[in-house]
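# Structure assessment
As a plain string of letters, each chain reads:
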Amino acid sequence: MLTGSGVALVTLVALEPVMALVHRFVFNGPLWCWHESHHEHPTARRIVRNDLLWLWPLLGSAALISLGGPGLAGIGVGIVGYVAAYILAHDGVAHGRFWVPMFVRRMSGFRLLAQTHHLHHRGGRHGGAPPFAVYAAPVEHTWHVSKNFVPATKPCPPGRVRVAG
Ligand SMILES: [Zn+2]
Ligand SMILES: [Zn+2]
């Protein structure tokens, strides 16, 4: 029987492949006109429309933590931990959207994550390219896991690409 912290740890790890699939098939799919704000302004130091998508998992985890027993609360804590880890590696280290201590940015693991994430941005604001994971991006890239899942370029209708703030 897993304890609450064990459930949180399993959730944290399991969310990386889940998030890679969501990033490919939802963000670079039906929600592209929300996600495009990140591809258009990857280093923005203000909130862009794409950032607001984090509200969904955070609202879900707040509900799990406040209403659930130890197991569900563990899932909620795992979600919060994953969102924080993602924002650190992706927005902080890879894109420099906020200050991250130099010793963290210089860690070879984080440098590799940043380099492989930049491959996702090579299409500019016209669409994301493989890899779609962040922490698993080096594995995804090296093993060509997603090379056959390149999203189609989809222009957003005028007025829907505006960034918030
Ligand atoms: Zn990015
Ligand atoms: Zn993307």
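Before any of the text, the structure's been laid out above.
An account of the accompanying structure is given in this report.

Basis of the calculations
- Residues numbered from 1 in each chain as written.
- Chains lettered and ligands numbered in written order.
- Predicted model: local features only at pLDDT ≥ 70, side-chain atom pairs only at ≥ 80, totals over all residues.
- Core = buried A, V, L, I, M, F, W, Y, C linked by C-beta atoms within 7 Å.
- Buried ≥ 20, exposed ≤ 12 C-beta atoms within 10 Å, placed from the backbone.
- Helix = DSSP H or I, 4+ residues; strand = E, 2+ residues; numbered from the N terminus.
- Contact = placed C-beta atoms within 7 Å.
- Expected span 1.5 Å × (residues − 1).
- Bend = angle between axes of the 7 residues up to and from the residue.

It is worth spelling out the nonpolar core at this point. Across soluble globular proteins, you tend to see nonpolar side chains buried next to one another. Counting 20 residues, the largest nonpolar core has Leu 15, Ala 89, Leu 113, Ala 133, Val 134 and Tyr 135 as the members making the most contacts within it. Of all the elements in the fold, those that place two or more residues in this core are helix H1 (4-27) and helix H4 (70-94). Here Leu 15 is in contact with Gly 78, Ile 79 and Tyr 82, once residues within four sequence places are set aside.

Three- or four-residue spacings in an α-helix give side chains the same orientation, since the helix completes a turn every 3.6 residues. In this model H4 runs 34 Å from its N-terminal to its C-terminal C-alpha over 25 residues, within 8% of the 36 Å that 1.5 Å per residue would give. The principal kink in H4, of about 25°, is found at Ile 87. Those residues of H4 lying buried are Gly 74, Ile 75, Gly 76, Val 77, Gly 78, Ile 79, Tyr 82, Ala 89, His 90, Asp 91, Val 93 and Ala 94. Residues of H4 that are buried sit in contact with H1, helix H3 (55-67), helix H5 (102-105) and helix H6 (108-120). Looking one or two places after H4, you find Gly 96, whose phi comes out positive at around 60°.

Another point: the environment of Gly 124. Here Gly 124 is to be found in the loop between H6 and helix H7 (137-142). Note on Gly 124: 9 C-beta atoms within 10 Å, which makes it exposed. The spacing of Gly 124 and His 41 is 83 residues in sequence and 9.5 Å in space, taken between C-alpha atoms.

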